[in-house]
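Observations on the three-dimensional arrangement
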Amino acid sequence: TQLLEQSPQFLSIQEGENLTVYCNSSSVFSSLQWYRQEPGEGPVLLVTVVTGGEVKKLKRLTFQFGDARKDSSLHITAAQPGDTGLYLCAGVYAGNMLTFGGGTRLMVKP
Amino acid sequence: IAGITQAPTSQILAAGRRMTLRCTQDMRHNAMYWYRQDLGLGLRLIHYSNTAGTTGKGEVPDGYSVSRANTDDFPLTLASAVPSQTSVYFCASSEGWNSYNEQFFGPGTRLTVL
């Protein structure tokens, strides 16, 4: 079993603050994905990072893949209440199989 | 366009009963997956099918079985439910089996086994 550890598990911040979520593993993945999940719905893919050291930006969200392809981070700048949700990282291995981290539940207060 | 539908939305089941969770996709995707989501554990892969007619075991397959008779449907069966199978179950599909194929998730089935 390939394990992914996410931190922090919970994060409650005020609107306008910055935050970083971390995803760490001892295993190497062919790529790593970040998802966002709303209550009562399935996860929705935000981004896939493939190359070690890769940085991708999605508006106020910045995703980075570690040089060794074992870890990743998600940074949100100037968080807004609409960013509230569960953020999940997932490592891709053996074709298209995913192993997920435990998730970070983010609450952004207005 | 419906995407992926799952049924039922929720179910309360007595331990020992047999239960089939249904999953249908209308995107003609080749690959389909079943996950369970428990608090603090993210999603864990139960079974997958990379094409119609073939299935494989994921991370937590014990107590579950699947079939893939056609492209669209991928039912998950609990032969004799136990309380530890209380969870939210998500079905997903992707166009292909390569790592660049995005997985699309259904809305989930909340199952409680008493």
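Preceding this paragraph is the structure being described.
What comes next concerns the included structure. (Residues numbered from 1 in each chain as written. Chains lettered and ligands numbered in written order. Predicted model: local features only at pLDDT ≥ 70, side-chain atom pairs only at ≥ 80, totals over all residues. Heavy atoms only, no water.)

**Considerations on the sheet that holds strand β3 (residues 19-24) of chain A**
Residue and element names in this part refer to chain A. One open sheet accounts for 5 strands, arranged β1-β3-β8-β7-β6; its pairing is antiparallel. Looking along the sheet, the strands with just one partner apiece sit at the ends: β1 (5-7) and β6 (55-58). Averaged over neighbouring strand pairs, the angle between their axes works out to 15° when direction is ignored. (Pairing = 2+ DSSP bridges. Helix = DSSP H or I, 4+ residues; strand = E, 2+ residues; numbered from the N terminus. Axes fitted to C-alpha atoms, helices over the stretch in contact; angles between N-to-C directions.)

**Some words on the interface of chain A and chain B**
Tallying the contact residues gives 24 residues for chain A and 24 residues for chain B. Approximately 1700 Å² of surface area, both sides summed, lies buried where chain A meets chain B, with 54% of it carried by carbon and sulfur atoms. Our enumeration of links across chain A and chain B arrives at 0 salt bridges. Our count for the contact surface shared by chain A and chain B stands at 7 residue pairs in polar contact (both at pLDDT 80 or more). When residues of the side of chain A that touches chain B are traced back to their parent elements, those giving at least two are β4 (31-37), β9 (85-93) and β10 (97-100) of chain A. In terms of residue class, the side of chain A that touches chain B is built from 10 nonpolar, 13 polar and 1 charged. (Contact = heavy atoms within 4.5 Å. Buried area = accessible area lost by both parts, 1.4 Å probe. Salt bridge = Lys/Arg side-chain N within 4 Å of Asp/Glu carboxyl O. Polar contact = N/O pair within 3.5 Å; in protein donor to acceptor, adjacent residues only side chain to side chain. Nonpolar A, V, L, I, M, F, W, Y, C, P; charged D, E, K, R; others polar.)

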